[in-house]
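Tertiary structure, described
Read off the chains here:
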Amino acid sequence: MQVVEKAYAAWRAFQDRFLGRVAALLLLGCTLLALLEIFRRYVLGTSFEWQQDAVTFVILSGVYLYFGIAQRHGSHLNVALLTESLEAVGPRARRVANGVRLLALVISFVFMLLVVWWGIPEIEDSVKYESRTESLAFPMWPFLLALLAGFLFMAVTLFFQIYRQIHKMLGRSVLEEPADEADAIGH
């Protein structure tokens, strides 16, 4: 159990110290590029042909890389009507709600792994056939790789959430998510 807890701490550190920063830099860089292009287009009357593809695909790559972090923080779209309704009913229904949550996590985990598995040939084909963005300035495979990496990172996060949910259902307390800094200072 301690090995998994240490792995989870390392995973959180990787997400917070590296992955989140890379995603933020991609988003910031593309926002600045888009602003530069607005200036170039409307003030100077010229624009790079590749700019729109760069902004679109790099912003998407930043979002893809953030999938696992958003999953860890529960920031993805989540329909919790059933589980929250069950929790309000009583202790037995609360156990059913926890089972439903576990089932949803397992299905999501398997789905992410299958998407990654089936996506690998897509990247190989993109390299083999030299697929490019619409402006023909960029190869597609780096963006597809970022997408699959995002799904893989989300699968890793889901693995730890499954582990946490199982232990929660068994009455054990493990892998607690540290409070956000904003929560710690009362915001």
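Fair warning: this is a prediction, and the values are worked out from it, not measured in the lab. (Residues numbered from 1 in each chain as written. Predicted model: local features only at pLDDT ≥ 70, side-chain atom pairs only at ≥ 80, totals over all residues. Heavy atoms only, no water.)

**Things to note about the layout of surface pockets**
Gaps left between atoms show up when a probe the size of a water molecule is rolled over them. Taken as a whole, the largest pocket encloses approximately 930 Å³ of empty space. Forming the boundary of the largest pocket are 30 residues, of which Q71, N78, R101, L105 and Q161 lie nearest the centre. Those elements that place two or more of their residues in the lining of the largest pocket are α2 (51-72), α3 (81-89), α4 (91-128) and α5 (141-169). A per-element tally of the lining of the largest pocket places α4 first, with seven residues. Counted by class, the lining of the largest pocket contains 12 nonpolar, 10 polar and eight charged residues. (1 Å grid on protein atoms, 1.4 Å probe; cavity = no way out; pocket = protein on both sides within 12 Å on 5 of 7 lines; lining within 4 Å. Points joined across faces, edges and corners; volume = space filled by probe spheres on them. Helix = DSSP H or I, 4+ residues; strand = E, 2+ residues; numbered from the N terminus. Nonpolar A, V, L, I, M, F, W, Y, C, P; charged D, E, K, R; others polar.)

**Quick look at the side chain of R72**
For R72, the location among the structural elements is in helix α2. Within the structure, the side chain of R72 is placed 3.2 Å from the side chain of D16, a separation counted as a polar contact. In contact with R72, other than residues within four places in its own chain, are Y8, R12, Q15, D16, T157, Q161 and E177. (Polar contact = N/O pair within 3.5 Å; in protein donor to acceptor, adjacent residues only side chain to side chain. Contact = heavy atoms within 4.5 Å.)

**Regarding the pattern of salt bridges**
What the rule picks out here adds up to three salt bridges. Close ionic contact of R40 with E37 constitutes a salt bridge, the shortest N to O distance being 3.0 Å. Highlighted residues: R40 and E37, both in helix α1 (residues 2-44), separated by three residues, approximately one helical turn. Each member of the pair, R40 as well as E37, carries the same accessibility label: buried. Salt-bridge contacts for E87 lead to R101; the nearest nitrogen and oxygen are separated by 2.9 Å. Here E87, found in helix α3, pairs with R101, found in helix α4; they are 14 residues apart in sequence, far enough to count as distant. Here R101 falls in the partly exposed class, since its relative accessible area comes to 23%. (Salt bridge = Lys/Arg side-chain N within 4 Å of Asp/Glu carboxyl O. Buried < 20%, exposed > 50% of the residue type's maximum accessible area, 1.4 Å probe, protein only.)

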